[in-house]
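# Examination of the molecular architecture
Okay, here's what each chain looks like letter by letter:
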Amino acid sequence: MTAIQEQISELFKNETIDFGEKLSALCTLLNQSLPHYTWVGFYFADHLSKTLHLGPYSGAETEHTSIPFGKGICGQVAVSNQNFLVPDVMTQDNYIACSVTVKSELVVPLFIDDLNVGQIDIDSDQINAFDQTDERFLEWVNKEVAKHWPSDFNPLAHLN
Ligand code: SME
């Protein structure tokens, strides 16, 4: 395990803070530890209204706190259930700009008991910032989240 994986494992083992706070701390940790991660956040899916809602995040405030399924990179991942790596956001037609400084993006779905409950969204101010190492790492992060997800945790009660 790498040093950051150790830190994330320790965070989830901490019994003194609740799960929502752990997700916030996770976003801060990723944003501060990895220089090519400029913005880190979770969007959670409301399958009834087919909308994503912004949960815990670290980085600049965004006006995109709700995103319909199918819209933008995040909304497409809500439908496809697949990772979406965007080396250059300027090449994407179906893209929602949160900031003009963002150049690349990686979105990895979060599954709890095989249901896509949302995603982790990473933005970078560098073009072509992400590769398969980031994909594998964020899949691992989301598996850690899923492993420790309390059975009574309602992500839609932890929105921004
Ligand atoms: N760029 C995303 C919107 C979310 S912001 O990056 C925080 C998208 O196209 O879905």
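## Overview of the site of the ligand
- As a structural note, the neighbourhood of the ligand is formed by Trp 39, Tyr 43, Ile 67, Gly 72, Ile 73, Cys 74, Tyr 95, Ile 96, Cys 98, Glu 105, Asp 121 and Asp 123.
- Within the side chain of Asp 121, a nitrogen or oxygen atom sits 3.4 Å from an oxygen atom of the ligand.
- Protein contact buries 100% of the 310 Å² of open area that the ligand shows by itself.
- Those elements that place two or more of their residues in the shell around the ligand are strand 1 (39-46), helix 3 (72-80) and strand 6 (115-124).
- Ranked by the residues each element gives to the shell around the ligand, the list is headed by helix 3, at three residues.

## A closer look at the sheet that holds strand 4 (residues 84-86)
- Taken together, six strands build an open sheet; the order of strands is 3-2-1-6-5-4 and the sheet is antiparallel. Only two strands of the sheet have a single neighbouring strand rather than two, namely strand 3 (66-68) and strand 4. Taken over all neighbouring pairs, the strand axes of this sheet differ in orientation by 25 degrees on average, direction set aside.
- Of the strand pairs in this sheet, strand 4 and strand 5 (residues 104-112) are connected by three bridges, and their pairing is antiparallel. From the neighbouring strand, Val 86 faces strand 5, where its bridge partner is Glu 105.
- Packing against the sheet, helix 2 (residues 19-33) makes contact with strand 1, strand 2 (51-58) and strand 6, and its axis sits at approximately 145 degrees to strand 1.

## A word on the pairing of strand 6
- In terms of burial, strand 6 is largely enclosed, as nine of its 10 residues are buried.
- Of the strand pairs in this sheet, strand 5 and strand 6 are connected by nine bridges, and their pairing is antiparallel. Within strand 6, the position partnered with Val 108 by the bridge is Ile 120.
- The hairpin turn running from strand 5 into strand 6, its antiparallel successor, is two residues long, and Asp 113 in that turn takes a positive phi close to 50 degrees.

What counts as what
- Residues numbered from 1 in each chain as written.
- Predicted model: local features only at pLDDT ≥ 70, side-chain atom pairs only at ≥ 80, totals over all residues.
- Heavy atoms only, no water.
- Near = heavy atom within 4 Å.
- Polar contact = N/O pair within 3.5 Å; in protein donor to acceptor, adjacent residues only side chain to side chain.
- Areas by Shrake-Rupley, 256 points an atom, 1.4 Å probe, with all protein chains shown as cover.
- Helix = DSSP H or I, 4+ residues; strand = E, 2+ residues; numbered from the N terminus.
- Pairing = 2+ DSSP bridges.
- Axes fitted to C-alpha atoms, helices over the stretch in contact; angles between N-to-C directions.
- Contact = heavy atoms within 4.5 Å.
- Buried < 20%, exposed > 50% of the residue type's maximum accessible area, 1.4 Å probe, protein only.

Purely spatial values, then, with no claim about function.
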